[in-house]
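The lines below spell out each chain.
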Amino acid sequence: QVQLEESGGGLVQAGGSLRLSCAASGRTLSSLGMGWFRQAPGKERDIVAAISRGGGGTYYADSVKGRFTISRDNAKNTVYLQMNSLKPEDTAVYYCAASRSYFSVDGAREYDYWGQGTQVTVSS
């Protein structure tokens, strides 16, 4: 079993930055493809970014390309999401997720383990 714990969410003004962290336990992070998702009220949970096991492959949703960066430190069993130039439409609960697959970019159904989520609120 894998446990995931997100941190780093909060309230920020438009144009600001936040860095989310996801600490994994229960399994070596290097054996897992990782992703960040977000869900706004009344909307589906959508993928934001994904990273392959070794970190060589990354994927970004069009809405965050050029603003968000996903990275991982397998030695620390931690995945990060650096979010810059934040917009009010980025407001959502952000979830860290882990997949037993090498690299999963097709959506939530490919992910096997989930964190509890962290709220990100961007004010205008």
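Residues numbered from 1 in each chain as written. Predicted model: local features only at pLDDT ≥ 70, side-chain atom pairs only at ≥ 80, totals over all residues. Heavy atoms only, no water.

Draft legend 1. A look at the nonpolar core. Core analysis: the largest hydrophobic core is formed by 30 residues, its most contacted members being Leu4, Met34, Trp36, Leu81, Met83 and Tyr94. Elements with a minimum of two residues in this core: β3 (18-25), β4 (33-39), β5 (46-51), β7 (68-73), β8 (78-83), β9 (92-99) and β11 (118-123). Apart from residues no more than four positions distant in its own chain, Leu81 is found in contact with Leu18, Arg19, Leu20, Trp36, Val48, Ala49, Phe68, Thr69, Ile70 and Tyr94. Grouped together as the second largest cluster of nonpolar side chains are 6 residues, Phe37, Ala50, Ala97 and Tyr111 included. (Core = buried A, V, L, I, M, F, W, Y, C linked by side-chain atoms within 4.5 Å. Buried < 20%, exposed > 50% of the residue type's maximum accessible area, 1.4 Å probe, protein only. Helix = DSSP H or I, 4+ residues; strand = E, 2+ residues; numbered from the N terminus. Contact = heavy atoms within 4.5 Å.)

Draft legend 2. How the structure looks around the pairing of β9. Within β9, 7 of the 8 residues are buried, which leaves it mostly tucked inside the rest of the structure. The pairing of β9 with β11 spans 3 bridges and is antiparallel. The residue bridging Ala92 from the neighbouring strand is Val120, located in β11. Across 2 bridges, the pairing between β9 and strand β10 (residues 113-114) is antiparallel. Among the inter-strand pairings, Ala97 is bridged to a residue of β10, identified as Trp114. (Pairing = 2+ DSSP bridges.)

Draft legend 3. Spotlight on the sheet that holds β3. If you trace the 4 strands from one edge of the open sheet to the other, you get β1-β3-β8-β7, paired in antiparallel fashion. Every interior strand has two partners, whereas the edge strands, β1 (3-7) and β7, have only one. In this sheet, neighbouring strand axes are inclined to one another by 15° on average, regardless of whether the strands run parallel or antiparallel. In this sheet, β8 lies alongside β3 in antiparallel orientation, the contact comprising 6 bridges. Opposite Cys22, over in β8, you have Val79 as the bridge partner. (Axes fitted to C-alpha atoms, helices over the stretch in contact; angles between N-to-C directions.)

Draft legend 4. Up close: the state of the cysteines. All told, the structure shown has 1 disulfide when counted by the stated rule. Paired by a disulfide, Cys22 and Cys96 hold their sulfur atoms 2.0 Å apart. Disulfide Cys22-Cys96: the torsion about the S-S bond is -75°, which places it as left-handed. With Cys22 in strand β3 and Cys96 in strand β9, this residue pair connects regions lying 74 residues apart in the sequence. For the pair formed by Cys22 and Cys96, the shared burial category is buried. (Disulfide = S-S within 2.5 Å.)

Draft legend 5. Broad picture of unusual backbone geometry. Although it is not a glycine, Asn77 sits at a positive phi angle of roughly 55°. The residue Asn77 is located in the loop between β7 and β8 in this model. What makes Asn77 buried here is its relative accessible area of 18%. Of note, the phi angle at Ser85 is positive, near 50°, even though the residue is not glycine.

Draft legend 6. Local environment of the pattern of salt bridges. Per the stated rule, a full pass over the model turns up 4 salt bridges. What emerges from the salt-bridge pattern is a single network uniting Arg38, Arg67 and Asp90. (Salt bridge = Lys/Arg side-chain N within 4 Å of Asp/Glu carboxyl O.)

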